[in-house]
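Coordinate inspection notes
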Amino acid sequence: MPDFIPRPAQAHILKYDHGKMGIAAVPGSGKTHTLSYLAATLIASDKVRDGQEVLIVTLVNSAVQNFSKRVGGFVHELGLIENIGYRVRTLHGLAHDIVRERPDLAGLENNFQILDERASSDILDQIVSTWMRNHQDFLVTYTHPESQEAMQYLSSKWKMTLLSMAASFIHQAKDMELTPEMVNTSMANNHSEHELLRFGTEIYRDYQNALRYQAAIDFEDLIRLAYKTLQMDADYLQRLQERWSFILEDEAQDSSALQEKILGLLCGEHGNWVRVGDPNQAIYETFTTADPKYLLQFLQRKDVQAFDLPNSGRSTHSIMALANHLIKWNGTQPSPALTYSLVPPLIEPTPADDPQPNPPDAPEKIFLFTEKLSAEKEEDMVVQSVTRWIRENPQQTVAILVTRNDKGASLVQKLKNKKVPTVELLQTSFSTRTTAKKLADLLDYFADPTSSKKLSAAFESLYKDTFEEPEQKKTMHTFCDDLKKQSLLEEFLFPSNGNLINQTELNSEDELMAEVFRKFTEFLSVNQRAALLPIQQLILTLSSQLFTDAHELALAYKLAEVLEREAKANPTSGLKDFAAELDKVYHNRLRITGFSEEELEFDPDQHKGEVVVATIHKAKGLEWDRVYIVSANNYDFPCNQPYDQYISEKYFIRDHLNLEAEMLAHLKALNQYQRVEEGEATLQARKAYSAERIRLFYVGITRARKELVITWNEGKFNNCVMAIPFVELTTFWEDEHASHA
Amino acid sequence: MNIQQYNSLQQEVIESEINTHLFLEGPFKSGKTSAATARLKHLADQSNPEHQILILTPQHTLSQAYQRCLLESDFPSGVIPTITTLAGLSRQFIRLFWSMISENSGFQARSASPTFLNMESAQFFMEQVCQPFLAKGYFLEVHINQARLFSQILDTMNKAALIGYPLEETAPRLTAAWNGEAIRVKHYQQSQECALAFRKFCLQNDVLDFSLQIEIFRNAILANSSLRQQFFKPYHYLIADNIEEDVPCLHDLLLELSDQIPSMLLIKDLHAGFRSFLGADPPSADRLRSICSQNFTFTEQFRVSSPMHAFQSAMTHCIMRKNSTDISPDALQAYTLQNVQFYPEMINSICDMVDHLVHEEQVPPGEIAILSPYLPDSLKFSLTTRLQSLSIPYLSTRPSRTLAEESVTNAVLVFAKHAHPQWEIPITSEELRSALMVLLPGCDIIRASLLAQNTLKANHHLEHFSTIPEFTRTRITYAMGNQFDVILDWIDQYQQSTQVPLDVFLSLLFGEVLSQPGFGLHNDIDNAVLLTRLIASIRDFRLTFQSLAEQQHIDSSQLFMETLQRGLLPASFYRDEPDLDTVTIAPAFTFLMKNKPVRYQFWLDIGDIGWWERLDQPLTHPYVLNRNWDPSKRWTDAQEYQANQSSLERLVRGLLDRCEEHVYLYVVRLNQAGINQSSPLLSGIQLFLKRTMGVKNHA
C-alpha cells in the first residue's frame, strides 16, 4: 500500500466516491498529493471501468508532469499498471484531445496546426501597424492633450498599447464565443458603433482572415472549437462522458468561463467532478479570462459537497500569522470593493505528529523594511542582503520575488555582476532556451559543416551538462578551444579510410571527455544525412535521440512546428535561417507558447546556495527557506485608492483611461443592451486589478518557509508610497511584537 | 494441371460446369485465387478468338497471380486473356467509341481522340479551374493544403461516378448528413461549384478525368445494350477477383453482363473491403450472388498458424468489446508485446530483432514488414539508417506522399536543372550539397559541402571537380570528385545532342550513370523505386500535355517542375510496386492493399490514435458518399466511432491474416511530441491481456 498517511481533512476528501465536490485549499496544504492519491484510489476501485479514465485537469504543463508522476507512483504502489486509467491535461491539452479525436467537427484536418504566440503576435503586429496608419484620428482622440505635440514620439507606445488591446479583444471575444461577424451584427443591431469596439472588431476580423489564410488556428480557437465540438455532437459528448467517468480539476481558482463550460459538459448533470483550488491564489485574471468566482460559486452550489484543506506544514507560525492577518484585514480594508479579494479558510498549522510539521517559529527572521528607498537603492540593498545570506546559508534556498520581468532582469544583472550564482524564473524558462540552443547549434553546424568553430559550439552545447565539477568544466573549455583549431574536419569526423582519428589526441588525459566526444562523432555520423530531411522531420529525428525528458521532447516538437511554418512561409529558408530562428528563442526574443509561461518541474531544492529570481506568478506552487518580496508600493500593489497608480492607465492617454478595459466593457455590454459610460470600466478595472494584486501579495508571502523580507521603493518618478496591505502588515507585526514584548 | 494438389472444394470450383456463374468467397489465403487460376487454365483450354477470357481486378497489383499463371508452362499457348480493371475497360471503351459518344456526351473540342487525365494532370487542371474561385475567397476556412483540397474535390466527383448519382447531388448529400459546424455546408457547396466548373472545362477541351471517364462508360454501357453487346462480344468467360474491393459501378456492370457472358467466376474476400475510402463496397458486391447458380465458401486458411489464428480471433473480439469465449493458450505464442519509453528505443529494438531474424534465423527480408499508421520522414530515416547499417535491404512505400518531398527527387532534378539552363531555375548550394549526399556513395556532409561550395558558381553553373584547387580536391577525395565529373561529363554530352523530354532525360541519367556501380543509387532499391515512380509520373504528365502543349506552346518538362514545386500528388493507388526480397516499411493500410503475406510483422507505437482514426477529408466522406448510406440520416459520432472501430477490427484482422508466424507489438510511453498516448488499439490489447491473465497462469 502507498506510503501516504493523510491528515484528517485529507482523509475526509479521500472518502469521495461520486458526485460533485469542491475543495478550498490553503497554500502548502498538499492538495496535489491528495488529489493524486484520490485519482489512484478511484482507478484501483471498480468505479473506473475498462476503457474509462480519470481525467485530471490542471493549469500548467509543469503540473501535468508532476501529477502524472504522482498518480503513476500511487497506482504502481497499489499494484496496478502505470499510465493506464487516467489522463492528465492542461485545458489546452484537453481541448487538443477533444478536437484531435474529431477534427472534422471543427472543420480541421487530422494534423491541424496551432499557431504559436510569436506567429500570432507577428500577424497582429502587421494588422495593428496598418490600422494605425489609417486611423490617426483615433489616436489623437484618445491622446492626452498635453502629449499631442509628441505624437511621433508616442507612436511606438501607442502601438504597444493597441497590440495589447487587440490581443485582449480577440481573447475575450473568443471566450464569449463571438466571431467577428457576430460582433458586427450585434453592433449593427444595437446601433453601438463605438470606435473602441470598431477597432477591436476590425483587428479581430483581419486576424481571423490571416489565420484562415495560413490554414492555422490559435490557442484560443482550440478551446473555443473544443467547446463547440462538444455542443455540436451529442453522441461524441456522450462517448467522452462515458470515457472520463471522473473529472478532477486542480487550480480551479484560475478556471475561465469556457473551462468551466467544457468541464461542465464533460461531467454532465449527474457526473463526477472534483474541483480543488485556492481562491486566494487566483492571479491570472489580468492576463486571461480566468476568474475565482467560478470556483466560489461552485462551492456554494447545493449539489456540491464543499470542504476545506486548511492545514499547511509549509511555513513558520509567524509567516502564517502574516498571511492570515492579510485575509482577516482584507474583510475590513478601506476599499469596500476589495473586501471579497481574499476569503477564508485561514491557514492552520499541521496537527501534532504530522509527517510534515511546520518549521520552528522564528519571528526574528521576518523583516518588513519600511524605509523609503529609490528603486535603485532597494535593488542594491536586496542584492547585498541576499549575497551575504547565501554565503552564510549555502545549504538553504532563497528567492527574490518580483512583479515584473524588467525588475527581475535588473536584479539578475546586479547579482551576476557580484558573481552570485543566480537562477532566473522569468519570461522564457531557462530549460526552454537550453533545448532551443542545443538544436540551434546543431543546425548551425549542419548549415556550415566545414566550420570547426561551429562544431565546437555544437559539442559544447550538447555535452556541457555532463561536466559539472569546476575542474571538468575547465577541461571542457580547453577541449572546445582545441576543437576550434582543428582543420580538415572531414578526416576528423568522416575519415576517408574509415578509421576515426584518435580523438583523444585532443585531450588524451581525460577519458570521460574522449568517451563523450566519441559519442558525439557517432551521433553526427549517423545523423548527418538527416540534414536531407525537411526541417520539421530533421528536428524530430535529432531530438528523439538527444532528449529523453518529456518536456524537452514536447518543446522540440513545438520548435519543429514553428520551423515548419517558417519553411512554408519562406520556402527559400535554409538551415542557417532555421538555426537563427532557434537562436531567437535562446536569446529570449521569441516566446514559445505553452513553454514560456512556466518553468517545467522547477524544484527550488535543487538550487540550494543559488539565488532564484522569479516573478510571483512563476513562483506559484513553489517554496523557499527565505523569500524577498520587492517593490511593495502602490504601483505594484495598488489598493483602489484615488492616489494609486495603475500600469494599464498610460500617461499619454487622456483622462487616465484604461482603454483596454473600456473596450472590453463595450464588448461585454453588446449582448446586454447596456450603455457604457466612459471611465466606468477604468474604475472597475482598478478594482479587479487591485484585488488580484492583494492576492499576488498573499501568494508571495506564502512562498516563504522560514524567513521573509519585504521592501518597497518610491518608484520611477519618486511618487509612490507604501502599499496599503504592506502598511497594514507592518502595523500588525509591530503590534504583535509589542504585545509579545 | 495437377488437379490433385487442390482440396475437394477447390476441385469442385475448378471443374464446375463451364457455362455457369459461380460465386466464391472465403477469407484471405483460403485458396480462392489458386482455384480461380486453375479454373482459368481449364477455361483457356476451351477458349478461342470468339470465346475470349476477361479478368477483372480492382487494381493491377491484385492481378499478379493471373499474370503469373499466364507464364506457367501448362498454360495453353496462344490464349491471351484480357486482364484489366474498371478504369482500363472504360478507357478502352471510350477510345473505341469516341466518335460515337463524344458529341452526345457534351464534348466540344471535336478532337480525334480523347485525352485521359491521371491524378497529377487532373490536379493540375483542377488548380487552374479553381484559381478564380480561390481568389473569391472560396475554402478560406478549410485548413488543408491546396493539393489535398483539389484531390478531395476530385474524389467527390469520382464517388458520384462510381456510385452512380449526378454530380449536382454531391453537396446536398453531404449537407444532409453533416452534423458539425455550419460553415462546412458552404464548403460543400463551393466544392460542388468547382467540380461542375472542372467538368465544364473537361467537356470544352475533350479531356477526361477518372470521374468523367467512368460516368460516360457507365451511362453508355448500362443504358445502351447494343453498345454493351458489341463491346463485350468477344468475351465468353469472365473472372472478377476481389470484388469486395471494387466499386458499385463495376458490380452494376457485372449484373448487366450476366445474361451476355455465359461463364462468370466472381470471387469475394471475406472481411476485406480495405479500399472503402476509394469507393470499395462489399455489400454491393454481395448483390452478385443472385446471378450465380452456385455459391462456394472456403473456410480453411493456408499458411496462417494456429496461434496467429487464435490471437486474431481474440484481438478482434477485444477491439469490438465482444464477450469472448475461452481464449486458446496458443494465442500467447503469436505475439510479443514490447514496452519502451521513447521512439529510439523502439527503432533499436525492432532493427535488432530484424537483424536477428535475417542474419541468424535466415528469414528472407521479404518475409518481414514494419508497419505504422503513418510513415513520416524522421521515422523512416531512423529505421532505414539502422537497417542500412545492418545491411538489410528494405523498401518503403508511402503512396500519399508528394514526389517533391523525396530527397532523391530533388537530387536528380538539381542535375536536370543544370542540364537545362534555358529553364532558368537556379540551383542553391544547400540543394546541391543534398544531391551529392544522395547520389555519391559515402559522400558525407562535409565533403558534399566542400564540393558544392567549390563547383557551384554565381551564375548557377556547375564547374567540374577537376577545375578546383588541388588541396580542396584532396580533401573531397578524388574518388568522390571524379564521380561528380562523370555526371557533369555525361550532361555535357547530353547538351550537345538533341534535348529530350524530362522523363527520358532522367531515365537516361539513371540508366547510364546513377544506377551504375560507384553511384549512390546503385543497389539502392528504395530510391530506385521512387525514381521510377517519378519518371513514370513525368511521362504520364507529358503524354497528357502533348496535344495541349502543341496548342499552347508549353514546355511540359518545365511545367512539370513548377507543378511539382506546388505539391503535386502522385497517382499512388494505381501504380504497382515491384515484388522484391526486401523488408517492407509501410503504413498499415498500404501494406494491406498490397495483399502480400509475410511471416513477421512489427507494429509501431500501437498507442498512436492514427491506428484508429480515418483520414479527415473535409470536402468528402467515404461513408456518406456511398450507395448504402440513407440520405435522410445524419452522420453522428456514434456512427463515426462505430465505423472507426470496425475499420480497426478489419485492419487488425487483415494484418494478422497476412502474418504467418509472429507479430511484435510496440507500446511507446512518450511519443515524439513527449505525450503519453492512448488509442483504441492499445485499449484492445489491454483487454486482451486482462482476458488472457487466467490463460497465462494456467499455461
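Residues numbered from 1 in each chain as written. Chains lettered and ligands numbered in written order. Predicted model: local features only at pLDDT ≥ 70, side-chain atom pairs only at ≥ 80, totals over all residues.

Identification of chain B as UvrD-like helicase ATP-binding domain-containing protein from Anaerolinea thermophila is taken from an unreviewed UniProt entry.

For the record, the criterion: UniProt positions are given in the numbering used here, feature names are shortened, and annotations may be inferred rather than shown by experiment.
Per an unreviewed UniProt entry, chain A goes by DNA 3'-5' helicase and derives from Anaerolinea thermophila. Under the heading Sequence similarities (unreviewed entry), UniProt records this for chain A: "Belongs to the helicase family. UvrD subfamily."

1. A few points about the overall build of chain B
Definition in use: We count a stretch as a helix when DSSP gives it H or I for four or more residues in a row; a strand needs E for two or more, and each element gets its number in order from the N terminus. In this setup the radius of gyration rests on C-alpha atoms only. A globule is expected at 2.2 Å times the number of residues raised to 0.38. Any residue with 12 or fewer other C-beta atoms within 10 Å of its own C-beta is exposed, any with 20 or more is buried, and the rest are partly exposed; the C-beta atoms used are placed from the backbone. By the convention adopted here, residues are in contact when the distance between their C-beta atoms, placed from the backbone, does not exceed 7 Å.
Within chain B, the regular secondary structure consists of 26 helices and 14 strands. Computed over its C-alpha atoms, the radius of gyration of chain B comes to 27 Å, within 12% of the 27 Å expected for a compact globule of 699 residues. Residue burial in chain B is summarised as follows: out of 699 residues, 47% are buried. Considering only intrachain contacts with a sequence separation of at least 6, the fraction spanning at least 24 residues in chain B is 80%.

2. Comments concerning the interface of chain A and chain B
The test is simple: Under the grouping applied here, Gly and all other residues not named as nonpolar or charged are polar, the nonpolar ones being Ala, Val, Leu, Ile, Met, Phe, Trp, Tyr, Cys and Pro and the charged ones Asp, Glu, Lys and Arg.
Contact with chain A, which involves 53 residues of that partner, is made by 53 residues of chain B. Every element with two or more residues in the side of chain A that touches chain B is listed here: α10 (219-232), α11 (234-243), α20 (489-493), α22 (535-546) and α23 (550-569) of chain A. Partitioning the side of chain A that touches chain B into residue classes produces 27 nonpolar, 15 polar and eleven charged.

3. Remarks on helix α9 (residues 210-223) of chain B
All names here are of chain B. Which entries qualify depends on this criterion: Given the number of residues in a helix, its expected span is that number minus one, multiplied by 1.5 Å.
Here α9 is 14 residues long and its end C-alpha atoms lie 19 Å apart, about the 20 Å a rise of 1.5 Å per residue gives. Of all 14 residues in α9, eleven are buried; the element is thus mostly enclosed. All buried positions along α9 are accounted for by Phe-210, Ser-211, Leu-212, Gln-213, Ile-214, Glu-215, Ile-216, Phe-217, Arg-218, Ala-220 and Ile-221.

4. Concerning the sheet that holds strand β12 (residues 583-587) of chain B
Two pairing modes exist for strands in a sheet, parallel and antiparallel, and in both the strands are linked by backbone hydrogen bonds. Residues and elements named next belong to chain B. We apply this condition: DSSP calls a pair of strands paired once it identifies at least 2 bridges connecting them. Angles run from 0 to 180 degrees between N-to-C directions of axes, and those axes are lines fitted to C-alpha atoms, restricted for helices to the stretch in contact.
The sheet built from six strands is open, its strands ordered β9-β14-β13-β10-β12-β11 with parallel pairing. Single-partner strands in this sheet number two, and they are β9 (335-340) and β11 (394-396). Each strand of the sheet is rotated relative to its neighbour by a mean of 20°, with strand direction disregarded. Across four bridges, the pairing between strand β10 (residues 368-372) and strand β13 (residues 598-603) is parallel. The residue of β13 that forms the bridge with Ile-368 is Tyr-600.

5. Details of the UniProt feature "binding site: ATP" (unreviewed entry) in chain B
Residues and elements named next belong to chain B. The UniProt record annotates "binding site: ATP" (unreviewed entry) at Gly-26, Pro-27, Phe-28, Lys-29, Ser-30, Gly-31, Lys-32 and Thr-33. Of note, Gly-26 is situated in strand β1 (residues 21-26). Gly-26 sits in the buried class, given 21 other C-beta atoms within 10 Å. Residue contacts for Gly-26: discarding those within four places in its chain leaves Lys-32, Leu-270, Thr-297, Phe-298 and Thr-299. Examined against the element boundaries, Lys-32 turns out to sit in helix α2 (residues 32-46). Look at Lys-32 and you get buried, because 26 C-beta atoms sit within 10 Å.

6. Some points on the domain arrangement of chain B
Residue and element names in this part refer to chain B. Threshold: Domains are outlined according to an automatic or database domain assignment.
When the domains of chain B are assigned, the result is domain 1 (3-91 + 220-297), domain 2 (115-205), domain 3 (306-400 + 578-698) and domain 4 (403-566). At the junction of the two partners, domain 1 supplies 16 residues and domain 3 supplies 15 residues. Broken down by class, the residue content of the side of domain 1 that touches domain 3 amounts to eight nonpolar, five polar and three charged.

7. Observations regarding the UniProt feature "domain: UvrD-like helicase ATP-binding" (unreviewed entry) in chain B
Here the UniProt feature "domain: UvrD-like helicase ATP-binding" (unreviewed entry) sits at residues 5-305 of chain B. With 51% helix and 12% strand, residues 5-305 of chain B has end C-alpha atoms that lie 20 Å from one another.

8. Focus: the packing of helix α6 (residues 146-163) of chain B against helix α8 (residues 183-205) of chain B
All names here are of chain B. The criterion, for reference: Angles below 35 degrees are treated as roughly parallel, those above 145 as roughly antiparallel, those between 65 and 115 as roughly perpendicular, and all remaining angles as oblique.
It is the contact of α6 with α8, at a shortest axis distance of 10 Å, that shows an interaxial angle of 75°. One element, α6, and the other, α8, form an angle in the roughly perpendicular class. Taking contact as the criterion, the partners of Ile-153, Thr-156 and Met-157 in α6 are, on α8, Ser-191, Cys-194 and Ala-195. Looking at the contact of α6 with α8, its residues break down into four nonpolar, two polar and no charged.

9. Thoughts on the domain arrangement of chain A
Looking at the assigned domains, one finds that chain A contains domain 1 (8-99 + 224-311), domain 2 (113-214), domain 3 (363-427 + 599-738) and domain 4 (430-587). Along the lines of polarity and charge, the residues of the side of domain 1 of chain A that touches domain 3 of chain A split into three nonpolar, eight polar and one charged.

10. Let's talk about the packing of helix α14 (residues 343-360) of chain B against helix α15 (residues 377-389) of chain B
Residues and elements named next belong to chain B. The line we're drawing: Left-handed describes a crossing in which the near helix is turned anticlockwise from the far one by less than a right angle; the clockwise case is right-handed.
In contact at an axis separation of 10 Å, α14 and α15 are set at 35° when each is read in the N-to-C sense. In the crossing of α14 with α15, the sense of the turn from one axis to the other is right-handed. In this structure, α14 contributes Ile-347, Cys-351 and Val-354 to the contact, and α15 contributes Ser-382, Leu-383, Arg-386 and Leu-387. For the contact of α14 with α15, the per-class residue count stands at five nonpolar, one polar and one charged.

11. A look at the UniProt feature "binding site: ATP" (unreviewed entry) in chain A
Residues and elements named next belong to chain A. Sequence positions flagged by UniProt for "binding site: ATP" (unreviewed entry) are, in local numbering, Ala-25, Val-26, Pro-27, Gly-28, Ser-29, Gly-30, Lys-31 and Thr-32. Here Ser-29 lies in the loop between β1 (20-25) and α2 (31-44). For Ser-29, a count of 27 C-beta atoms within 10 Å puts it in the buried group. Ignoring anything within four residues of it in the chain, the contact list for Ser-29 reads Leu-309, Pro-310, Asn-311 and Ser-312. Turning to its location among the elements, Lys-31 is positioned in helix α2. For Lys-31, a count of 21 C-beta atoms within 10 Å translates into the label buried.

12. Some words on the nonpolar core
The test is simple: Only buried Ala, Val, Leu, Ile, Met, Phe, Trp, Tyr and Cys residues enter a nonpolar core, and they are joined through C-beta atoms within 7 Å.
Within the largest apolar cluster, 165 residues are counted, with the highest numbers of intra-cluster contacts made by Ala-39, Val-54, Phe-169, Ala-226, Ile-247, Ile-400 and Leu-401 of chain A. The element best represented in this core is helix α27 (residues 680-701) of chain A, accounting for ten residues. The contacts of Ala-226 of chain A, once residues within four sequence positions are left out, are Ala-95, Ile-98, Val-99 and Ile-262 of chain A. Counting residues in hydrophobic clusters, the runner-up holds 149 residues, among them Ala-560 of chain A together with Leu-509, Leu-514 and Leu-534 of chain B.

13. Here's the deal with the pairing of β1 of chain A
Residues and elements named next belong to chain A. With respect to burial, β1 is a largely interior element, six of its six residues being buried. On β1, burial covers both faces: Lys-20, Gly-22 and Ala-24 on one face and Met-21, Ile-23 and Ala-25 on the other are all buried. One ladder, built from six bridges, connects β1 with strand β6 (residues 304-309); its direction is parallel. Within β6, the residue paired with Ala-24 across the bridge is Asp-308.

14. Observations concerning the sheet that holds strand β5 (residues 272-277) of chain A
All names here are of chain A. Spatially, β3-β2-β4-β5-β1-β6 is the arrangement adopted by the six strands of the open sheet, whose pairing is parallel. The sheet terminates laterally at β3 (86-90) and β6, the two strands that pair on one side only. Taking each pair of neighbouring strands and ignoring which way they run, the sheet shows an average axis angle of 15°.

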